[in-house]
Amino acid sequence: MYKPHVTVACMVQAEGELLVVEETINGKATWNQPAGHLEAEESLLQAASRELNEETGIQAEMEHFLGVQQWTAPDNTPFIRFLFAVDLPSRQATEPQDSDIDRCWWLPPQQILVAENLRSPLVAESVHIWQSGTRYPLSLLRFYR
């Protein structure tokens, strides 16, 4: 039976820069958007805000829905990723609560796009989606218990 991992990711922008988190995967520092798995009894929006706070220390509500991404990792793990966006008025200090996050960086989009240490191709694709200006209302998503 096909059971993809359901994840959320946050494009966080302030002063023209995007927030990325750095984590060590297989001994290599990699960059990703603040992201993580959907937990039981949690809406996608709640998951995105929780992951943003856990990985960066920033508390913010999602403002826009950017789309859904489907990817199969090199180890054949399938992912369905829900991508959100937040625009902050200024860059905020970060303080990761998640021990898997080494540090956070505010970077120009182009620096992310040319980086060779992206966690997955979804990282660059998410920057492209954000740059395109595509924004969908959060009302597209419904949570039922």
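Small disclaimer: the values here were computed from a predicted structure and weren't measured. (Residues numbered from 1 in each chain as written. Predicted model: local features only at pLDDT ≥ 70, side-chain atom pairs only at ≥ 80, totals over all residues. Heavy atoms only, no water.)

Draft legend 1. The overall build of the protein, seen in detail. For the protein, the count of helices and strands is 3 helices and 7 strands. Start at the N end of the protein and walk to the C end: the helices and strands fall as β-β-β-β-α-β-β-β-α-α. Since a compact globule built from 145 residues should have a radius of gyration of about 15 Å, the 14 Å found for the protein is in line with a globular shape. For the protein, the C-alpha atoms occupy an extent of roughly 35 × 35 × 30 Å along the three principal directions. Put simply, the protein has 145 residues, and 48% of those count as buried. A separation threshold of at least 6 residues defines the contact pool for the protein, and within that pool the share at least 24 residues apart is 69%. Taken together, the 10 basic and 20 acidic charged side chains of the protein have centroids lying 5 Å from each other. (Helix = DSSP H or I, 4+ residues; strand = E, 2+ residues; numbered from the N terminus. Rg over C-alpha atoms; globule rule 2.2 N^0.38 Å. Buried < 20%, exposed > 50% of the residue type's maximum accessible area, 1.4 Å probe, protein only. Contact = heavy atoms within 4.5 Å. Lys, Arg positive; Asp, Glu negative; His and termini not counted. Charge placed at Lys NZ, Arg CZ, Asp CG, Glu CD.)

Draft legend 2. Looking closely at the nonpolar core. Of all hydrophobic cores here, the largest spans 22 residues; its most connected members are Leu-52, Phe-84 and Leu-88. Elements represented by at least two residues in this core include exactly β1 (5-14), β2 (17-25), α1 (44-56), β6 (78-88) and β7 (101-107). Among the elements that make up this core, the one with the highest residue count is β6 (5 residues). Excluding residues that lie within four positions of it along the chain, Leu-52 makes contacts with Cys-10, Val-12, Leu-19, Pro-34, Gly-57, Ile-58, Ala-60 and Met-62. Within the second largest apolar cluster, 19 residues are counted, among which are Ala-85, Ile-112, Leu-113 and Ala-115. (Core = buried A, V, L, I, M, F, W, Y, C linked by side-chain atoms within 4.5 Å.)

Draft legend 3. Quick peek at the side chain of Gln-13. Structurally, Gln-13 can be placed in strand β1. A distance of 2.7 Å separates a polar side-chain atom of Gln-13 from the backbone nitrogen of Gly-16. Residue contacts for Gln-13: discarding those within four places in its chain leaves Leu-18, Val-86, Asp-87, Leu-88, Trp-106 and Trp-130. (Polar contact = N/O pair within 3.5 Å; in protein donor to acceptor, adjacent residues only side chain to side chain.)

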